[in-house]
Amino acid sequence: MEKRFDIEKHLRDDLELIPPSPDFSKKVMGAIAGTRIAPASRSYLNKKVVYGTALFFLLLIAAAVVYALPSLNWYTAGKFRLPVNVIKLDIGQYFNRKTVNCLLFLNVLLGLMFLDKYFIRRGRAV
Amino acid sequence: MHAGMDDIEIINQVLQGDQQSFEELIKRYQHFVFTIALRYTRNREDAEEIAQDVFVKAYRSLADFRRDAKFSTWLCTIAMNTTKTFLRKVKPRMDPLDPATVHAQHTGYGANPTEKRSTQLLVNHVIGLLSADDATIITLFYKAEQSIEEIGVIMGLTANAVKVKLHRARLRLKEKLELYFADEIKEILN
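**Q** Can you help me understand the nonpolar core in this one?
**A** Grouped burial of nonpolar side chains is what soluble globular proteins tend to show. All names here are of chain B. In terms of nonpolar packing, the biggest core is built from 49 residues, with Val33, Ala37 and Cys76 touching the most fellow members. Sort the elements by how many residues they give to this core and helix α2 (residues 22–41) lands first, with 11 residues. Here this core spans two domains, and each of domain 1 (7–89) and domain 2 (99–189) adds at least three residues to it. Aside from chain neighbours lying at most four places away, what touches valine 33 is Ala51, Val54, Leu75 and Ala79.

This is the structure:
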């Protein structure tokens, strides 16, 4: 009968973990010598505050919905029309020089923010 | 001193202010952490830097370790995240692994016949030919005593995805063995 190389068995028996340098544990102990264990996040994260904040925002959304619902005119639901005529839409009216300048300014601003983040990251990595 | 103690007992000692006890945890898990880092960086210096960082992070946030998972799983998760962050920030210093080169290196130690026949060396060499993810998943499953679910937690995958990846990693390992080391396998089997 032909013998087969049993990968499963050899992985269990022969695969080895690679050891770091012999003084590795000493180096780590040296590195943590001046550090302190940070307090557990559960000790300073107050669950009541978290739930309270969530409740506040849920109430805010609920209040907005309650306020908006009665002011809706349900009878016009079937006769809905867009406020602008899309077919005869004059793009030039909205996409004028002023809008283009605003968009350009926004893009430059976003570009600068991105560059700033990139340099901060590169600085940290070096 | 800590030989008979389990991880939780040692962690409790460290949390009570006995910093020296942490060295026992380092000694127990340094091989796992270093191997994971090395699988991705393929550079000992970088891997050691990452491993050191992992233990410092683990020490600092030891109070946050919830005991619903194994300490090794928690530590391997930190190791995986730290390694990936490192690779994003720093260009790895590894040399691209050319299978032919590795094969030549492998057959090169044929000067010593007993070494050439060693299945251990063969298996560990072929692991080096796999991708970092494949090599890590195999290491975690076969050597770090992590279950499929725990590997999922470490690698940020579902249990089913881990099963599929592990199966594929084993297949690729078999392919590499058959492709580059067919003669060596024959020798081992005879």
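Moving on from the coordinates now.
**Q** In this structure, what is going on with the environment of A:Ala40? I would like to understand it.
**A** As for its position among the elements, A:Ala40 is in the loop between α2 (24–32) and α3 (41–44). The residues contacting A:Ala40, other than those within four sequence positions of it, are B:Ala63 and B:Asp64.

**Q** Would you mind showing me how to read α2(A) here?
**A** Note that an α-helix has 3.6 residues per turn; residues three or four places apart therefore point the same way. Burial in α2(A) covers these residues: A:Phe24, A:Val28 and A:Ile32. All buried residues of α2(A) fall inside an arc of 65° around its axis, so they share one side. Opposite the buried face of α2(A), by more than 90 degrees, sit the exposed residues A:Lys26 and A:Gly30. For α2(A), the secondary structure elements touched by its buried residues are α2 and α3 (44–60) of chain B.

**Q** In this structure, what is going on with helix α4 (residues 47–68) of chain A? I would like to understand it.
**A** Here α4(A) is 22 residues long and its end C-alpha atoms lie 32 Å apart, about the 32 Å a rise of 1.5 Å per residue gives. Of all 22 residues making up α4(A), only 0 are buried, and the element is barely covered by its neighbours.

Conventions used here
Residues numbered from 1 in each chain as written. Chains lettered and ligands numbered in written order. Predicted model: local features only at pLDDT ≥ 70, side-chain atom pairs only at ≥ 80, totals over all residues. Core = buried A, V, L, I, M, F, W, Y, C linked by C-beta atoms within 7 Å. Buried ≥ 20, exposed ≤ 12 C-beta atoms within 10 Å, placed from the backbone. Helix = DSSP H or I, 4+ residues; strand = E, 2+ residues; numbered from the N terminus. Domains from an automatic or database assignment. Contact = placed C-beta atoms within 7 Å. Arc of directions from axis to C-beta. Expected span 1.5 Å × (residues − 1).

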